[in-house]
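Letter by letter, the chains look like this.
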Amino acid sequence: MRAVLMAGGSGTRLRPLTCDLPKPMVPILNKPIAEHIINLLKRHDITEVIATLHYLPDVMRDYFQNGGQFGVQMTYAVEEEQPLGTAGCVKNIEELLDDTFLVISGDSITDFDLTAAIAFHKEKQAKATLVLTRVPNPVDFGVVITDSEQRITRFLEKPSTSEIFSDTVNTGIYILEPEVLAYLPANEEKDFSQDLFPLLLAKKEPLYGFIAEGYWCDVGHLDAYREAQYDALEGKVITDFPDEEKWPRIWVGKNTYIDPSVKIEAPVLIGTNSRIGPRTNIERGTVIGDNVTIGADADLKRPIIWNGAMIGDDTHLEACVIARGTRVDRRAHVMEGAIIGPLSTVGEEAQISPNVRVWPSKRIESGAILNINLIWGNTAQRNLFGQRGVTGLANIDITPEFAVKLGAAYGSTLKPGVQVLVSRDQRSVSRMVSRSLIAGLMSAGINIQNLDSTAIPIARSMAASLDVAGGIHVRLHPDRPDYILIEFLDKQGINISKAKEKKIEGTYFKEDLRRVSVSEIGNVSYASGVMDLYSESFEKHLNVEALRRSAAKIVIDYVYAVSGAVLPQLLAKFDCDAVVLNASLNQNSLSTDQREHLLTQLGHVVEALKANMGVQVSANGEQLILVDESGWAIRDEQLTALMVNTILTSYPRSTVVVPVHASSAVEQIARRHDSRVIRTKANPTALMEATQHYDVVLGGSGEMGFIFPQLHPGFDAMFTIAKLIEMLTIQGRSLAEIRNDLPKVYHKSHTMRCPWSVKGSLMRHLVETHPTENLELIDGVKIIDHHSDNWLLILPDGGDPFVHIYANSNDRDWVEQALWDYRQRVQDFIDQELEVSNKS
């Protein structure tokens, strides 16, 4: 007898598991459902199998090939153009069916006695026999009634609750005579239950139902998929296990290593070539595929883990499905009913809520809590906003689809009809993202002032001039060349507050987006005279006479990140000679090594031209590194100190604002000039806000850039350079002279991995174990010595599972020892907390 295996289904209700697999190839006990069906057919001496295929047909053909390896003869019939339905696909192979044949669905697990069903069919001389079974809830199946002779008298496909008239249902297994196919038209979509069987019933053809004993599960949805696995492990269905039974009801494949400390509660299946790390707990019902790696201290409560998955240390998996090639990083938690699609990544300490589905090749960020399905886009983040705006991989995380939704979310938090300024850097990817953001804003009824490609300092300065409710600037991330950075500005040009960020996030994640009528869609206008306005303000806040008197020669390196640079034009108005390097636009960002090479090259050019200084400008005009006349690069803490020294020499008894982790050289310089230092949280928004609220002449740091609040509230490398030339001329000093006059302060940092769940308790521990009078809690925990400039800062990272430790002193040995001691203290505390967490 031949069997027809109906294997064309796409399994939409099993998404995301069937995004790249046809439903019959989804694994049960590490074997495709179709292989279990073929083994059942073999047990009943049916070895000629014709598989009808439609969705991803090559997957099944490549796996079974001619069937010889599986003890059967396989033939394939592919529905090329359109699906023909359960009956239509069998009609399509009518010429291959010249005797009684069996039809079986490719998406069920069963151990029915097919031999008895075939014998019943022949005894009744039936034209068609339906194999039936009884189920508690028949709503999802075709319901059948038979008479005392088991002849079918009535059936109804998938009835509503009020229509149920029996608990006997159709299992999708049929024994048919070839002549019944004559009732079906060729090349038309037809179904057995809806078309052929009602017709046979109407024609009074002998249509019988064989009520089978045994196990049957239609793997039609994700709950049934998991239950079928658990039932098979518990022995409720007769099936073939792929691996040997190493211990009672614990099946383990070849070349698999299980650490002796692992606890296993039977029944469990573990595939071949897998590794199970120390102290892992594996509860009954767990299925682990081939080539799987499980880290130490993992807690596995009935997960189904497909081939090639990597499960990190301390992970918790509860009755979930982890599909092929997926990576679950340490301390992540995937809860009951969740499905992680193939080739996805779940970051450290991320949490996937119950019944959430993640489509293939997605990335859930470290510490994220995902409580909605992740279908579109590539990444699930902890938050939209990080330390500085919204960031993500260009055209992977930050896609046009994402940007449209983000723009609509932002627009939905504003009043309809207001204006928003939009600007970007000159790269094509930024143009793409900004246009998508504009589309989203317009859909929420927001009007756009489009500045196109504009340096962000200029965009910030225009916010107040253009009477806008806020702004957006899009650029490549200054520190991560493959990332996009989207910054949101308030009406003053300052980065928006955390409260406003949370409001946008809430609107985005809840999808509470405002959609206006056609007549209210926003308009786009293009601001004119932007450069003239900026130039006027630029000139107004400089001592133009001093600049002209300087006759300075400056070498400016734009590191291939800008074209049509503005600064040389501005400096030329003041009779300064600006030599420009690398001002053409390269769409590919430079690596750190390439930037360092250009910086060295800049030093050589400065020396060769006998220039007053060199400047490497980055971050779309916000950040800079100086090079003095001898070619020495001045950056980071040294640049912070140099700028503070220069500004306070010109403006003594003033105030400067720096981030909490800046070196104590700032305070030492301020004391020389009877000036005040304000320290803020280590993020750009805090710096920008602080410069607006005090009598401040300078804000910022060498790391982030410098703010001159009298000009505008943002970082501005262009104005920094012009102001520096002015001050050096008036003071009659060179960069090298100022650099040599700076206080000798040792400032060093170290970054450590710290789980999200430990950060809060670590900060509390540090506060509790140090005298209150020695603590400063601006951002992180700063431990200070009031009798010297010695201090140590432990600062949690706002975007990743890290903490940063900074040590500062006039004494190099103190810095090295303090940094070493606190690295040990922090690591010991983290280890202790993780140990307590594991025990609980």
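Placed above this text is the structure.
Residues numbered from 1 in each chain as written. Predicted model: local features only at pLDDT ≥ 70, side-chain atom pairs only at ≥ 80, totals over all residues. Heavy atoms only, no water.

Help me understand the overall build of the chain in this model?
The helix and strand tally for the chain stands at 21 helices and 56 strands. Overall, the C-alpha framework of the chain stretches about 115 × 65 × 50 Å when taken along its three principal axes. Relative to its 840 residues, the chain shows a buried fraction of 57%. Within the chain, residue pairs in contact and separated by at least 24 positions form 58% of the contacts whose partners lie at least 6 positions apart. Total accessible area on the chain is roughly 34500 Å²; 47% of this is exposed by carbon and sulfur atoms. (Helix = DSSP H or I, 4+ residues; strand = E, 2+ residues; numbered from the N terminus. Buried < 20%, exposed > 50% of the residue type's maximum accessible area, 1.4 Å probe, protein only. Contact = heavy atoms within 4.5 Å. Areas by Shrake-Rupley, 256 points an atom, 1.4 Å probe, with all protein chains shown as cover.)

Honestly, the pairing of strand β41 (residues 483-489) in this entry has me stumped. Any pointers?
Remember that side chains alternate between the two faces of the sheet whenever the strand is regular. Counting buried positions over the 7 residues of β41 gives 7, a clear majority of the element. On β41, burial covers both faces: Tyr483, Leu485, Glu487 and Leu489 on one face and Ile484, Ile486 and Phe488 on the other are all buried. Both strand β37 (residues 390-393) and β41 contribute to a ladder of 4 bridges, which runs antiparallel. Bridging from a neighbouring strand, Thr391 pairs with Leu485 of β41. Pairing analysis gives 6 bridges linking strand β40 (residues 470-476) to β41, with the strands arranged antiparallel. Residue pairing across strands places Arg475 opposite Leu485, the latter belonging to β41. What sits between β40 and β41 in their antiparallel hairpin is a turn of 6 residues. (Pairing = 2+ DSSP bridges.)

Sorry, what's going on with the sheet that holds strand β52 (residues 746-753) here?
Strands pair in a sheet through their backbones, by hydrogen bonds, and they do so in one of two ways: parallel or antiparallel. Pairing within the open sheet is antiparallel, and its 5 strands lie in the order β52-β56-β55-β54-β53. The open sheet has two edge strands, β52 and β53 (775-776), and neither has a second partner. Sheet topology note: the β53/strand β54 (residues 781-784) ladder contains 2 bridges and is antiparallel. Residue pairing across strands places Leu775 opposite Ile783, the latter belonging to β54.

What should I look at first to understand the environment of Gly700 in this one?
Inspection of the secondary structure puts Gly700 in strand β50 (residues 696-701). Residue classification places Gly700 among the buried residues on the basis of a relative accessible area of 2%. Each residue touching Gly700, except ones within four places of it in the same chain, is listed here: Thr640, Val657, Val658, Pro659, Leu687, Gly705, Phe706 and Phe715.

Quick question: what am I supposed to make of the packing of aromatic side chains here?
Two aromatic rings are characterised by how far apart their centres lie and by the angle between their planes. Taken as a whole and judged by the stated rule, the model has 15 aromatic pairs. Ring geometry for Phe708 versus Phe719: centroids 5.1 Å apart, planes at 70 degrees, classification edge-to-face. Taken together, the residues span a long stretch of sequence, with Phe708 in the loop between β51 (705-707) and α18 (717-731) and Phe719 in helix α18 at a distance of 11 residues. In textbook terms, an aromatic cluster arises when at least three aromatic residues are bridged by ring pairs, as seen for Tyr534, Phe538, Phe708 and Phe719. The aromatic ring of Tyr483 is capped on one face by Arg480, whose charged end is 4.1 Å from the ring centroid. Seen from the ring of Trp756, Lys759 lies directly overhead, with NZ or CZ sitting 3.7 Å from the centre. (Phe/Tyr/Trp six-rings, centres within 6.5 Å; stacked < 30°, edge-to-face > 60°. Lys NZ or Arg CZ within 6 Å of the ring centre and 35° of its normal.)

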